[in-house]
Structures are given as C-alpha cells and as structure tokens.
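Structure assessment
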Amino acid sequence: MKNYCTIFDRNYAVFGLTLIKSILRFGGQIYVLALDNETVIALEKLNISNVTVIKADHFEETLKDSKRSYAQRCWSLQPQLCQFIFDNFSVDKITYRDWE
C-alpha cells in the first residue's frame, strides 16, 4: 500500500478532502496533519478508512514561530510531518501531496 501525507486547516478543508477522495480511489493510506481543532473534529466525524489524523499539537514549536508567516510555517512542516510519520508509524516510504 502506498502512503501519503498532507497538511490543511479549515480554510482548505474542501481541497484537502478532494485530495483524500482522489487518493483513496487508487488505494493508499493518508496521514493528515490537521492544523486546527475544527479540521480534527471534521475528519474524525467523517471517519474515513485509511485516513490517519495527526493533531497539530505535535508541531507547536514550529507553528508558534512568530518570525515567519503562517504560510511559511506550514511549508516548513512538510519535512517534519514526514519524519514524524516515520518515527511513529510503521511506514518505510511516504509521499507528501499538496492539494494544489
């Protein structure tokens, strides 16, 4: 099974859910870093198989860095998310996918 990860918040949930739907059509496991509680709640409520929700609490230090814009902080989370998945799940390969 292929493993994918992505990051989004409530402002981009429509795009994120579309990405999830597209990936699931072809099979795979998706790890989603939900950047806010609304996204966590929505994803958990949807209870989509093969989707693992990761809360932003694990990345607080990066998200609170006031020297960079919110977008810059999110971009810097991409490699951190991949490493987090390697460290916490039985995954040997991961592909980061953006909704753009």
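Residues numbered from 1 in each chain as written. Predicted model: local features only at pLDDT ≥ 70, side-chain atom pairs only at ≥ 80, totals over all residues. Heavy atoms only, no water.

Quick look at the pairing of strand S1 (residues 3-8) now. Side chains on a regular strand alternate between the two faces of the sheet. Among the 6 residues that make up S1, 6 are buried, leaving the element largely enclosed by the rest of the structure. Burial of the side chains of S1 extends over both faces: Asn3, Cys5 and Ile7 are buried on one face and Tyr4, Thr6 and Phe8 on the other. Sheet topology places S1 next to strand S2 (residues 29-34); 6 bridges connect them, and they run parallel. Paired with Cys5 across the two strands is Tyr31, which belongs to S2. In terms of handedness, the path from S1 via helix H1 (residues 13-25) over to S2 forms a crossover that is right-handed. (Buried < 20%, exposed > 50% of the residue type's maximum accessible area, 1.4 Å probe, protein only. Helix = DSSP H or I, 4+ residues; strand = E, 2+ residues; numbered from the N terminus. Pairing = 2+ DSSP bridges. Right-handed = clockwise from strand over helix to strand, strands pointing away.)

This part takes up the nonpolar core. Within the largest apolar cluster, 17 residues are counted, with the highest numbers of intra-cluster contacts made by Leu33, Ile54, Leu81 and Ile85. Listed by contribution, the elements that provide at least two residues to this core are S1, S2 and helix H4 (70-88). Considering every element that reaches this core, the biggest residue donor is H4, with 6 residues. Here Ile54 is in contact with Tyr31, Val32, Leu33, Ala34, Phe59, Leu81, Phe84, Ile85 and Phe89, once residues within four sequence places are set aside. Phe8, Ile30, Val32 and Leu43 belong to the second-largest nonpolar core, a separate cluster that totals 10 residues. (Core = buried A, V, L, I, M, F, W, Y, C linked by side-chain atoms within 4.5 Å. Contact = heavy atoms within 4.5 Å.)

So, about the packing of aromatic side chains. According to the stated counting rule, one finds 3 aromatic pairs in the structure shown. Pairing Tyr12 with Phe15 gives two aromatic rings, centres 6.2 Å apart and planes at 35°, and the pair type is tilted. Residue Tyr12 is classed as partly exposed on the basis of its relative accessible area, which comes to 36%. The exposure class assigned to Phe15 is partly exposed, which follows from its relative accessible area of 42%. Here the aromatic rings of Tyr31 and Phe89 are separated by 4.9 Å at their centres, their planes lie at 50°, and the arrangement is tilted. Here Tyr31 is found in strand S2, whereas its partner Phe89 is found in the loop between H4 and strand S4 (95-96), with 58 residues between them in sequence. (Phe/Tyr/Trp six-rings, centres within 6.5 Å; stacked < 30°, edge-to-face > 60°.)

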